[in-house]
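Results of the structural survey
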Amino acid sequence: MILAALAVAVAGVLASAPFLRAARMLVVLTGRPARAAEWLTPRGGVTTEDVDVPTRAGTIRARIYRPPGVPARHLLVVPGVHAGGLDEPRMSALLTRLAMTGSLVVGLPVPDLREYRITPAATDDIEDAAQWMSATPALAPAGRIGLVGVSFGGGLAVAAAGRPSLAGRLSAVVSIGGYGDLPRVLRFLCTGRLPDGTARAPHDFGLAVLAYGGARHLVPADQVEAFTRALRTFLDASSAQTTDEAEAARLLQASREMTGALPSPARDLMQLVLARDVATLGARLLPIVPALGGDPALSPDRSPAPAAPVFLLHGTDDPVIPEDETVELARDLTARGATVHWLLTPALHHADIESGLGAADAWALVRFWSGVVAAVR
C-alpha cells in the first residue's frame, strides 16, 4: 500500500511538471509578481549573437538569444509588423525573457514586415529560416524546432508551417494574436464589422499599413513616392509612440509637413490618415483588399494545414486582428485534420501582455501554455 501510494504521488508530480514549467514560464515572461519573477529567473544572464540567415531572397540579419545552461526548447520567433524589428524594446524584452525560461531563441525580423508590407515573400522567408534553423545542429540538436509568430507574423507562421519542406522539422507552431484569413482581417479594418455582424472600432494603425501596401492602387503613379514617404513617416511615428514620445511627436509633425506639400488625391488620403478617420479611410481602401490580401500564401486557411500541433492564443476584444480569427482558424484546421489547441484570454491586448488576471483566467493560461511547453522541443 505504501509503494502504491508513493507511485501515485510520483505520477502526480510528473503529471504536473508541464503545469509547473508553464506557470514558471509565465511568471518570468510577465515579470509578475515581481518577487517571484526575480526568484525564478536563472542566474548567469542571456547572451545574444547576431547571425545571417540564408533565404531564397538573400540573407536576413537575425539574433540568437542563448539561455544560461542547456536549452530545454529551441524556438524561431517571428515578430509582427514593426520597423523596429528585434530592436523594438517590447520585442527585445519578450525574446530575452523567453530565453530566461530555458529556451534557445532565434528572433527573425522579416524584412517586408519591417517595411510595413504583408507579402507572400514574408511567408517564404519564414519557411526558409525554419529549414535553416532545424538543419543547424547547434541551434536544433534534434532537427526540430518550435515556430512562434506574433500578430501578423502569427498568421504567416501558420501558413508557412504547412509547407512540405517543413514536414518533420517542427515540433509545434504557436500563433499569438494571429489570423486565419487575411482578406477577412483587412475587411474588418476597413469596415469595423465582425463575421457575426457586430461592430468594433478597428485600430487605425492597421488601416495605415493597408494604405501603405496599396499606394499604387490609390494615387497616380507620379504621387506614389511622396505619398508613401509621408505615410511611412506616420507609421514610424506610431511605432515609436510606445517607447519614445518625443521622437513620435517629431515624426508626426514631419508627416504633417510632408502631407501639406502633397497634391490631391495623395494629400486627401494622408489627411484622413492623420485625422485617424477610420470610417472614411476604410471605405476608400475596401476595394483594394482583394489585390493586397488574396494570395493563398498569406492566409493559413488557404494554405496546407501544418502536420505539427498548432497552438493559437488570442486576446479578447482585439482591435487589430479580431479574436474571431483564432476561432475560425481553429475550426478550419481541425476540419482538415490538424491538432489544434486554442485560447481566448483577457491576458492579451492584441500582442501585449496585460496584468491583473483573475484566478480562472490565470489558470486557463497556465493550462494552455503547459501544452506548448510539453510539445515544443
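Note that the coordinates shown come from a computational prediction; the quantities given were computed from them, not determined experimentally.

1. Focus on the confidence of the model for the protein chain
- Mean pLDDT over the protein chain works out to 88, with 86% of the residues at or above the 70 mark.
- Overall, residues 1-15 carries pLDDT values under 50, and its contacts beyond four positions in sequence, including any with other chains, amount to zero contacts.
- Every residue in residues 35-39 scores below 50 in pLDDT, and together they form five contacts with partners more than four places removed in sequence or on other chains.

2. Structural notes on the layout of surface pockets
- Empty space within the second largest pocket amounts to approximately 240 Å³.
- For the second largest pocket, the lining is made up of 15 residues, of which Arg-117, Ile-118, Thr-119, Gly-213 and Leu-292 are closest to its centre.
- Contributing elements (two or more residues each) for the lining of the second largest pocket: helix 7 (182-191), helix 8 (204-213) and helix 14 (289-293).
- When residues of the lining of the second largest pocket are assigned to their parent elements, the largest contribution, four residues, is made by helix 8.

3. Notes on the sheet that holds strand 7 (residues 310-315)
- Across the sheet, eight strands lie side by side as 1-2-4-3-5-6-7-8; this open sheet has mixed pairing. Each of the sheet's edge strands pairs with one partner strand only, and the pair in question is strand 1 (47-55) and strand 8 (340-345). Adjacent strand axes in the sheet meet at a mean angle of 20°, parallel and antiparallel pairs treated alike.
- Bridging between strand 5 (residues 145-150) and strand 6 (residues 170-176) involves six bridges; their strand directions are parallel. Bridge assignment links Gly-146 to a residue of strand 6, and that residue is Ala-172.
- Sheet contacts for helix 3 (residues 89-100): strand 2 (58-66), strand 3 (73-78), strand 4 (103-107) and strand 5; angle to strand 4, the most-contacted strand, approximately 155°.
- Packed on one face of the sheet, helix 6 (residues 152-161) meets strand 3, strand 5 and strand 6 and runs near 145° to strand 5.

4. A word on empty space enclosed by the protein
- All told, the structure shown has one cavity of 30 Å³ or more when counted by the stated rule.
- If you add up the space inside the largest cavity, you get close to 40 Å³.
- Together, Asp-204, Leu-207, Ala-208, Phe-234, Val-273, Arg-276, Asp-277, Val-278 and Leu-281 line the largest cavity.
- Mapped onto the lining of the largest cavity, the elements with two or more residues apiece are helix 8 and helix 13 (278-285).
- It is helix 8 that provides the largest number of residues to the lining of the largest cavity, a total of three residues.
- Residue composition of the lining of the largest cavity, grouped by class: six nonpolar, no polar and three charged.

5. Quick look at unusual backbone geometry
- Note the cis peptide between Ser-264 and Pro-265, where omega equals 5°.
- One can find Pro-265 in the loop between helix 11 (245-260) and helix 12 (266-274).
- Even without glycine at this site, Arg-276 takes up a positive phi of about 55°.
- Relative to the helices and strands, Arg-276 is located in the loop between helix 12 and helix 13.

6. Here's the deal with the pattern of salt bridges
- Here the structure, examined in full by the defined rule, presents 22 salt bridges.
- With its nearest N and O atoms 3.6 Å apart, the salt bridge here joins Asp-124 to Arg-56. Placement of the pair is Asp-124 in helix 5 (residues 120-134) and Arg-56 in the loop between strand 1 and strand 2, with a sequence separation of 68 residues.
- Its salt-bridge partner being Arg-336, residue Asp-332 comes within 2.7 Å of it at the nearest N-O pair.
- Accessibility expressed as a relative area gives 23% for Asp-332, which makes it partly exposed.

7. What to know about the packing of helix 5 against helix 6
- As a packed pair, helix 5 and helix 6 sit with axes 9 Å apart at the nearest point and diverge in direction by 60°. In terms of orientation, helix 5 lies oblique with respect to helix 6. Helix 5 and helix 6 meet at a crossing whose hand is right-handed. Between helix 5, through Ala-122, Thr-123, Ile-126 and Glu-127, and helix 6, the contact on the second element is made entirely by Leu-156, Ala-157, Ala-159 and Ala-160.
- For the contact of helix 5 with helix 6, the residue count by class is six nonpolar, one polar and one charged.

8. Structural notes on the packing of aromatic side chains
- Applying the stated criterion across every chain, the model contains five aromatic pairs.
- With a centroid separation of 6.1 Å and an interplanar angle of 85°, the aromatic rings of Tyr-116 and Tyr-212 are classed as edge-to-face. With Tyr-116 in the loop between helix 4 (111-114) and helix 5 and Tyr-212 in helix 8, this residue pair connects regions lying 96 residues apart in the sequence.
- Look at Tyr-116 and you get buried, because its relative accessible area is 0%.
- By way of ring pairs, the aromatic residues Tyr-116, Phe-205 and Tyr-212 are connected into one cluster.

Thresholds applied
Residues numbered from 1 in each chain as written. Predicted model: local features only at pLDDT ≥ 70, side-chain atom pairs only at ≥ 80, totals over all residues. Heavy atoms only, no water. pLDDT = per-residue confidence, 0-100. Contact = heavy atoms within 4.5 Å. 1 Å grid on protein atoms, 1.4 Å probe; cavity = no way out; pocket = protein on both sides within 12 Å on 5 of 7 lines; lining within 4 Å. Points joined across faces, edges and corners; volume = space filled by probe spheres on them. Helix = DSSP H or I, 4+ residues; strand = E, 2+ residues; numbered from the N terminus. Pairing = 2+ DSSP bridges. Axes fitted to C-alpha atoms, helices over the stretch in contact; angles between N-to-C directions. Nonpolar A, V, L, I, M, F, W, Y, C, P; charged D, E, K, R; others polar. Salt bridge = Lys/Arg side-chain N within 4 Å of Asp/Glu carboxyl O. Buried < 20%, exposed > 50% of the residue type's maximum accessible area, 1.4 Å probe, protein only. Parallel < 35°, antiparallel > 145°, perpendicular 65-115°, else oblique. Left-handed = near helix turned anticlockwise from the far one by under 90°. Phe/Tyr/Trp six-rings, centres within 6.5 Å; stacked < 30°, edge-to-face > 60°.

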